[in-house]
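# Descriptive analysis of the structure
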Amino acid sequence: MLINYFTTATRAFKKDSQHFLLNVFGLSVGLAAAILVALFTLHEFSYDRQQPDAERVYRIAHDFSKIGMGSVRNTHYRNYEISLKHSQVEDAFVLSGVGTDKKTNVQYQGQGYKLTDIFGATPNIEDFINISTLAGDLQIVLTTPDTLALSESEALRIFGKTDVIGETLLYEGGQHTLRAVFTDLPQNTHFAFKGLAYKEHDPANAWDFSNAIYIKLTAQADFKAYEKLLDEQAVAHPSMGKMPLSLVPLVDLHFTAKSKTEFKKGGDKQNVMICVGLSVLLILIASFNFINMTIAQSTKRAKEVGVRKALGATKSQLVVQFLSESVLLSLLATVIACSLVELMLPGFNGLVGRELTLDYRSSFSMAIVLMSLFVGIFAGLYPALFISSFSAKRVLSGDLQHGSTATLVRKCLLVLQATISIALIITTVVMNQQLAYLQSIPLGYETKQRLVISEIPAEHVYAKDTPLLLDKLNNIEGVHQSTVLGYYPTESPFFGVDLIWPNGEKSNGAIPITGSGFNIVEGLGLKLLAGRDFSAEFSGDWFAKASESNKGHVGAIITQSAAKQAGFSNVADIIGKTISDPNPQFTTDLHVVGVVADIIIANGQTELIFMAGYPNTTVFNVVMTIDVQNLPYIQRQVVELIGQHTNTFEPKIDLLVDSYKAVYRDDERISQIVSISTWLAIGLTLLGTFGMAAFSVLRRQKEVAVRKVLGASVLSIVNLLAKEFLLLVLLGIMFAFPLSYWLITDWLMNFNHRVEQSLWVYLAAAGFVGTITWLTVASLGFKAASTRPSLILRYE
Amino acid sequence: MITLNNLSRIYRTSDVETTALNQINLTVNEGEFIAIMGPSGCGKSTLLSILGMLDSPSSGSYQFNGEDIADYSEAQLAQLRKTSIGFVFQSFNLIDELTVYENVELPLQYLKISKAARKERVEAILKRMAIDHRADHLPQQLSGGQQQRVAVARAMVSNPKLILADEPTGNLDSKNGDAVMAMLRELNQDGTTVIMVTHAEKEGNYADRLVRLLDGQIMLDKATQTINKDEVA
Ligand SMILES: Nc1ncnc2c1ncn2[C@@H]1O[C@H](COP(=O)(O)OP(=O)(O)O)[C@@H](O)[C@H]1O
Ligand SMILES: [Mg+2]
């Protein structure tokens, strides 16, 4: 009997191939989107679950929001030793930055390389990270100075081979010996080191905060209680004081750890959810199409149903028959969807910034089959029930021409589709508006024509008398000038201090500060509101220690907000006043020489203080003002000069414009995904409208013919046919408007600076869907209305 | 074999109520050949579909082989239908997607008869109907007469005790119509009960008994010979 179903199904498909193709195509697209998103979602939720005892491992986080950093992983090494003493702790693991010092700029066979993402680790790494050693011994590396372990691809990059045990890399004043090679870390972990090295910790160093500490609790331990205990005992930051400590589950890090000091950029749960939501919408639209078209076409199968009933088929047999047809169709659509996925995967990977692959041997393919069955049954159940309940009597005695066709249900589905399409269009437009707006907000600094060289050791670029390197950089053809900054302009300063304003009041929490070179106002393109730029002509600008060894003074340029906080609503009045950093170990007097308009730093804070020559970090970013036409030449010159003068290799050089774009890349991605889904949704909805309209035109053929005979114009007939659909769209608009308003308002809350939602976007979206619906129906209606009525009436 | 008692069928649509059958009393004995006649819309098809259990009465009782089928479940009705009743329709109602052979085979499949046995029976009946050379054709490729022969073959293949035919010759020319009538007569002579709806007086004469309906009520129920006399008289 199954074979018989199969025969009827395939022949019915063949006979009505247009309807069949529309159905399969629609479902394939919906399923392909769902498969892609499922791959992505599974990947996103798989982060770090492969690590040993992952569910019991937590990472220490400190709340740095005092200086606008949010929650960061950086913690003092001593917290590791403290935690080991606790009975709740089974084991703990430290991953420590080795700094961007000399040791990471190495040479091999005369060629210079920059070792990035090298970390020191405690030797128990294998108890915390599922890492496999390809050659050598990690334990040796993690216990012996001047040895190094590299990842496979890093070894290949430098040596061109993986068999590198015993090879050496020279650095200024020493060498690393390769003692281990490990396989590249998989993508689905928040860890991102490319090399491991021994790291010595000096317990007396109060500033040893470049550590990530992972704590494995015993199975019985209560993590909340332990978090509280550790928070009480944790080491305070020497300048920022006690920062609240929390424990973040290892498996949550991918979604929750977002600070700039993360090993790599994490994922965004909201974005994953948006993707899931969109794919569900697409599947729904495709299923609605399926339901709609199957029911519309069902009168063609009515006779078959009648006959089968007369021959003794029960209703349930018929339901099974039509269900198996839709499941068959859905399976076929799945096969097509899989090939679509293969085609789209590279593009999709670019879109979500992952390297996903479809592995048919995994349980995932089982899930695909299940999903396909589910969709087949979900979409097929109602039509199957509907078709199999046709009255056999009416069909067989020949008086059923066009019976009830569940019009209400089908109209509801069409309204839903219109709602989704309109809401998606509105969302897409507003998202794009918002992103364009973000790119256009005045940042308070200039991104155009600015080239930034990251992390150059201070001694080469940061001195009162222009260092040689800076001079040479300035002399490159096409470089107008350069200045030096203690943080990356699109990020936020990793340093804040409690200050005392000129009026003796304490600052409101730590104020972000940064060291900077001369001419910072000009170099960054800041807007000077009062006072002047830092200048070599004023010898007091550059940071200097006073005669007493624990005091210093420095020139400062502050933002308008900082001046306001200091109590100066007329910003010019603060020029010449002194702000003080009252740190008992080292007190600094800040002489305000200039006030600039607020600049936007990554965390949204607007108070910021530039201090000329202040040594708040050991590496500085050089911001050059250049002619962009000369970019390739300038880049080559920069790399060469830096290699010559500093023994730093492969420096990171970016146009500030690009860095700024990168800040919003995730938002841009999600907006692209929404755009693509929108087009797909519209396409599928039109497909559905087309199917429905074709059916409706067919059903009203006779009416159309009669009207024409009576003298109706073609256009009036087309409008008559389209009216039915436009009414449905109108209903869709009524649902779509509040829905999109609500969703978009929610999304916009993610941003500090938001666009206003404007009515025209809503109206345009509605107008667009209305117009294309009219066009779709009209394209069919036009043909019907132009047919000679005699042709149709003769057959009746 | 069949007893209808005060049987009525009322169709309710949103605004109108149609009494398609009104207080019908009818007894059909095994081996009878009955013709049902009447003007269009008088309820003939309704009666036939109730007899064939494709539709159920609004009131009154229907006994089949002495049992009231009112309480039968859908599955039981389907079972009874496939074992005991064969249908022939005016518009043939062959499944367009299936070949002649597959159409005729269908009732046997629902009866769960083995493949080999099916083949034997289908081939035999196609031969008997003289359309075996068209076994692999699709219905649209056949003439109306041929299609109706396939439909009769399909009705007969399961050896039902009752054949219900709704205007079986309505779409046929007189030659093909006569052939179908002859076939039904032949079946009846082999012992199958036949109930047939027809428009043509001439075809009424093939039957042993004539039931005339008007507005859902039986106006006349007589053996054909008597009618002929009446009409002559
Ligand atoms: N499913 C139905 N719904 C409503 N009215 C029906 C239905 N089927 C038949 N009728 C009405 O019942 C009456 C009898 O129909 P039918 O038995 O088909 O007549 P006929 O004698 O022409 O075969 C007609 O008036 C018809 O319009
Ligand atoms: Mg009829």
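Residues numbered from 1 in each chain as written. Chains lettered and ligands numbered in written order. Predicted model: local features only at pLDDT ≥ 70, side-chain atom pairs only at ≥ 80, totals over all residues. Heavy atoms only, no water.

### Points about the overall build of chain B
Rule in force here: For helices the rule is a DSSP run of H or I covering at least 4 residues; for strands it is a run of E covering at least 2, with both sets numbered from the N terminus onward. As a reference, a globule follows 2.2 Å times the number of residues to the power 0.38, and the radius of gyration itself is taken over C-alpha atoms. The buried label goes to any residue with under 20% of its type's maximum accessible area, the exposed label to any with over 50%, and the partly exposed label to all in between, with areas taken from a 1.4 Å probe on protein chains only. Here a residue-residue contact requires only that any non-hydrogen atoms of the pair lie within 4.5 Å. What sets the accessible areas is the Shrake-Rupley method with a 1.4 Å probe; for residues, cover comes only from the shown protein chains. In summary, the charge assignment counts Lys and Arg as positive and Asp and Glu as negative, without counting His or the chain termini. Here the site of a charge means atom NZ of a Lys, CZ of an Arg, CG of an Asp or CD of a Glu.
Within chain B, the secondary structure is distributed over 8 helices and 10 strands. The C-alpha radius of gyration computed for chain B amounts to 18 Å, which stays within 12% of the reference 17 Å derived for 233 residues, consistent with globular compactness. Referenced to the eigenvectors of the C-alpha coordinate spread, the extents of chain B come out at roughly 45 × 45 × 35 Å. Burial statistics for chain B: of 233 residues in total, 53% are counted as buried. Across chain B, contacts joining residues at least 24 apart in sequence account for 68% of those joining residues at least 6 apart. Working note: accessible area of chain B is about 10,200 Å², and carbon and sulfur atoms make up 47% of it. Averaging the coordinates of the 23 positive side-chain charges in chain B and doing the same for the 30 negative ones gives two points 5 Å apart.

### Concerning the nonpolar core
Under the convention used in this document: In these notes, a set of buried Ala, Val, Leu, Ile, Met, Phe, Trp, Tyr and Cys residues joined through side-chain atoms within 4.5 Å is what counts as a nonpolar core.
Judged by nonpolar contacts, the single largest core of 177 residues is most densely connected at Leu-473, Phe-610 and Met-624 of chain A together with Ile-2, Tyr-62 and Phe-64 of chain B. Membership of the second largest hydrophobic core comes to 37 residues, among which are Leu-108, Met-156, Leu-172 and Leu-187 of chain B.

### Re the site of ligand 1
So the rule is basically this: Here a residue is considered near a molecule or strand provided that any single heavy atom belonging to it is located within 4 Å of it. Any pair of N or O atoms that falls within 3.5 Å is considered a polar contact. Within protein, one atom must be able to donate a hydrogen and the other to accept it, and sequence-neighbouring residues count only if both atoms are side-chain atoms.
As a structural note, the neighbourhood of ligand 1 is formed by 13 residues, with Arg-394 of chain A together with Gly-41, Lys-44, Ser-45 and Thr-46 of chain B the closest of them. Looking at the residues close to ligand 1, they fall on chains A and B. Within the backbone of Cys-42 of chain B, a nitrogen or oxygen atom sits 3.3 Å from an oxygen atom of ligand 1. The backbone of Lys-44 of chain B places a nitrogen or oxygen atom 2.9 Å from an oxygen atom of ligand 1. Within the complex, 77% of the 560 Å² of free accessible area of ligand 1 lies under protein. For the shell around ligand 1, the elements supplying multiple residues, two or more each, are α11 (392–396) of chain A together with β2 (17–28) and α1 (44–51) of chain B.

### A closer look at the side chain of Glu-203 of chain B
Residues and elements named next belong to chain B. Short version of the rule: Counted as salt bridges are all cases of a side-chain nitrogen of Lys or Arg within 4 Å of a carboxyl oxygen of Asp or Glu.
Checked against the element boundaries, Glu-203 lands in helix α7 (residues 201–204). Buried charge without a partner: Glu-203 forms no salt bridge, and the closest opposite charge is Lys-202, 5.8 Å away. Within the local environment of Glu-203, its side chain forms a polar contact with the side chain of Thr-169, the two groups lying 2.7 Å apart. Residue contacts for Glu-203: discarding those within four places in its chain leaves Thr-169, Met-181, Met-196 and Thr-198.

### Notes on a nonpolar patch on the surface
All names here are of chain A. Basically, it comes down to this: Patch construction takes residues with relative accessible area above 30% that form no salt bridge. Like charges are linked within 9 Å, and nonpolar side chains (Val, Leu, Ile, Met, Phe, Trp, Tyr) are linked within 5 Å.
Taken together, the side chains of Leu-331, Met-366, Val-369, Leu-370, Leu-373, Ile-377, Leu-381 and Leu-385 make up a nonpolar region of the molecular surface, amounting to roughly 640 Å² of accessible area. Its place among the elements puts Leu-381 in helix α10 (residues 363–388). Taking relative accessible area as the criterion, Leu-381 reaches 36% and is therefore assigned partly exposed.

### Topic: the sheet that holds strand β5 (residues 67–68) of chain B
Residue and element names in this part refer to chain B. Inclusion rule: Here a strand pair is declared whenever DSSP counts at least two bridges between the two strands.
Taken in spatial order, the 4 strands line up as β2-β1-β4-β5 in an open sheet, and their pairing is antiparallel. With one partner strand each, in any of the chains shown, β2 and β5 form the two edges of the open sheet. Note: strand β4 (residues 59–64) against β5, 2 bridges, orientation antiparallel. The residue of β5 that forms the bridge with Gln-63 is Asp-68.

### Here we look at the packing of aromatic side chains
Any two aromatic rings considered together are summarised by their centre-to-centre distance and by the angle between their planes. Residue and element names in this part refer to chain A. Our working definition: Side-chain rings of Phe, Tyr and Trp, where Trp is taken by its six-membered ring, are said to pair if the distance between their centres is within 6.5 Å; with planes under 30 degrees apart they count as stacked, over 60 as edge-to-face, and otherwise as tilted. Only lysine NZ and arginine CZ atoms are considered, and such an atom sits over a ring when it is within 6 Å of the ring centre and within 35 degrees of the ring normal.
What the rule picks out here adds up to 25 aromatic pairs over all chains. Members of the aromatic cluster, each reached through a chain of ring pairs, are Phe-93, Phe-119, Phe-128, Phe-182, Phe-191, Phe-193, Tyr-214 and Phe-263. The ring centre of Phe-128 lies 4.9 Å from the NZ or CZ of Lys-216, which sits over that ring. The ring of Phe-538 has Arg-532 sitting right over it, with the charged end atom 3.5 Å from the ring centre.

### Observations concerning the pairing of strand β9 (residues 168–171) of chain A
All names here are of chain A. Alternating positions in β9 separate cleanly, Leu-169 and Tyr-171 being buried on one face and Thr-168 and Leu-170 remaining unburied on the opposite face. As defined by bridge partners, strand β4 (residues 105–108) adjoins β9 across 2 bridges and the pair is classed as antiparallel. Considered in β9, the bridge of Val-106 is made with Tyr-171. Note that β9 and strand β10 (residues 174–182) share 4 bridges and pair antiparallel.

### So, the side chain of Ser-580 of chain A
Its location among the elements puts Ser-580 of chain A in strand β21 (residues 578–581). In contact with Ser-580 of chain A, other than residues within four places in its own chain, are Leu-499, Ile-500, Thr-588 and Asp-589 of chain A.

### Topic: empty space enclosed by the protein
Put simply, the test is: In the cavity and pocket records, a cavity denotes points on a 1 Å grid over the protein atoms alone where a 1.4 Å probe fits but cannot get out, a pocket denotes an open set with protein on both sides within 12 Å along at least 5 of 7 lines, and lining residues are residues with an atom within 4 Å of a point. Grid points are joined across faces, edges and corners, and a volume is the space filled by probe spheres set on the points. Classification convention: Asp, Glu, Lys, Arg as charged; Ala, Val, Leu, Ile, Met, Phe, Trp, Tyr, Cys, Pro as nonpolar; all other residues, Gly among them, as polar.
Scanning all chains against the criterion turns up 6 cavities of 30 Å³ or more. Its boundaries defined by the atoms lining it, the largest cavity holds a volume of some 100 Å³. Forming the walls of the largest cavity are 13 residues, and the residues nearest its centre are Ala-418, Thr-685, Thr-689, Val-729 and Thr-773 of chain A. With 4 residues, the single largest contributor to the lining of the largest cavity is helix α19 (residues 665–699) of chain A. If you trace the second largest cavity, you find 11 residues lining it, with Ser-45, Leu-48, Ser-49, Phe-89 and Asp-166 of chain B closest to the centre. At the level of secondary structure, the elements contributing two or more residues to the lining of the second largest cavity comprise α11 of chain A together with α1, β6 (85–89) and β7 (162–166) of chain B. The element best represented in the lining of the second largest cavity is α1 of chain B, accounting for 3 residues. Residues that form the lining of the second largest cavity fall into these classes: 6 nonpolar, 3 polar and 2 charged.

### Description of the packing of helix α1 (residues 2–15) of chain A against helix α9 (residues 315–352) of chain A
Residue and element names in this part refer to chain A. So the rule is basically this: Axes here refer to lines fitted to C-alpha atoms; in helices the fit is confined to the stretch in contact. Angles between the N-to-C directions go from 0 to 180 degrees. The scheme is simple: roughly parallel for angles under 35 degrees, roughly antiparallel for over 145, roughly perpendicular for 65 to 115, oblique for anything else. Note: crossing handedness is left-handed where the near helix turns anticlockwise from the far helix by less than a right angle, and right-handed where it turns clockwise.
Interhelical geometry of α1 versus α9 gives an angle of 55 degrees and a closest axis separation of 10 Å. Relative to α9, α1 is oriented oblique. For α1 against α9, the interelement crossing comes out right-handed. Mapping the contact onto sequence places Tyr-5, Phe-6, Thr-8, Ala-9 and Phe-13 in α1 and Gln-317, Gln-321, Ser-324, Glu-325, Leu-328 and Leu-329 in α9. Taken together, the residues of the contact of α1 with α9 break down into 6 nonpolar, 4 polar and 1 charged.

### Examining the interface of chain B and chain A
Reports often express the size of an interface as the amount of accessible area lost when the parts come together. As a reminder, the rule being used: In this description, buried area is defined as the sum, over both parts, of the accessible area (probe of 1.4 Å) that is lost when the two are combined.
Between chain B and chain A, the residue contacts involve 30 residues of the former and 24 residues of the latter. Sorting the residues of chain B by area buried against chain A places Asn-93, Glu-97 and Tyr-110 of chain B first, and these three jointly supply 29% of that buried surface. Put simply, chain B and chain A have 0 salt bridges between them. For the pair chain B and chain A, the interface holds 3 residue pairs in polar contact (both at pLDDT 80 or more). Elements supplying a minimum of two residues to the side of chain B that touches chain A: α1, α2 (74–84), β6 and α3 (100–110) of chain B. By residue class, the composition of the side of chain B that touches chain A is 13 nonpolar, 7 polar and 10 charged.

### Details of the sheet that holds β7 of chain B
Residue and element names in this part refer to chain B. Overall, mixed pairing links the 6 strands, which are arranged β6-β7-β8-β3-β9-β10 in an open sheet. This sheet does not close on itself; its edge strands, each paired only once, are β6 and β10 (217–223). Between one strand and the next, the sheet's axes are offset by a mean angle of 15 degrees, whatever the strand orientation. Pairing between strand β3 (residues 33–37) and strand β9 (residues 209–214): 4 bridges, direction parallel.

### Structural notes on the pattern of salt bridges
Residue and element names in this part refer to chain A. Going through the model one piece at a time under the given rule, you end up with 27 salt bridges over all chains. Across the salt bridge formed by Asp-541 and Arg-532, the nearest N and O atoms sit 2.8 Å from each other. What you see here is one network of salt bridges that share partners, running through Asp-53, Arg-56, Glu-90 and Lys-216.

### Quick look at the pairing of strand β8 (residues 147–151) of chain A
Residues and elements named next belong to chain A. Among the 5 residues of β8, 5 are classified as buried, and the element is accordingly described as predominantly covered. Sheet topology note: the β8/β10 ladder contains 5 bridges and is parallel. Across the sheet, Thr-147 pairs through a bridge with Thr-177, a residue of β10. In this sheet, strand β11 (residues 195–197) lies alongside β8 in antiparallel orientation, the contact comprising 3 bridges. Counterpart to Ala-149 in the pairing with β11 is Leu-196.

### Regarding the confidence of the model for chain B
Residues and elements named next belong to chain B. Going by this rule: You can read pLDDT as the predictor saying how much it trusts each residue, on a scale of 0 to 100.
Predicted confidence across chain B gives a mean pLDDT of 87, with 96% of residues reaching 70 or more. Confidence scores differ between elements of chain B, with helix α8 (residues 224–232) showing the lowest mean pLDDT of 47 and strand β8 (residues 193–197) the highest of 94. Scored below 50 in pLDDT, residues 226–233 shows 6 contacts in the model against residues more than four places distant or in partner chains. Of the two predicted TM-score estimates for the complex, the pTM is 0.77 and the ipTM is 0.77.

### Some remarks on unusual backbone geometry
Residue and element names in this part refer to chain B. A positive phi angle, close to 55 degrees, is found at Asn-93, a residue other than glycine. Relative to the helices and strands, Asn-93 is located in the loop between β6 and α3. Residue Asn-159 is not a glycine yet carries a positive backbone phi of 50 degrees. Position of Asn-159 relative to the elements: it lies in the loop between α5 (144–156) and β7.

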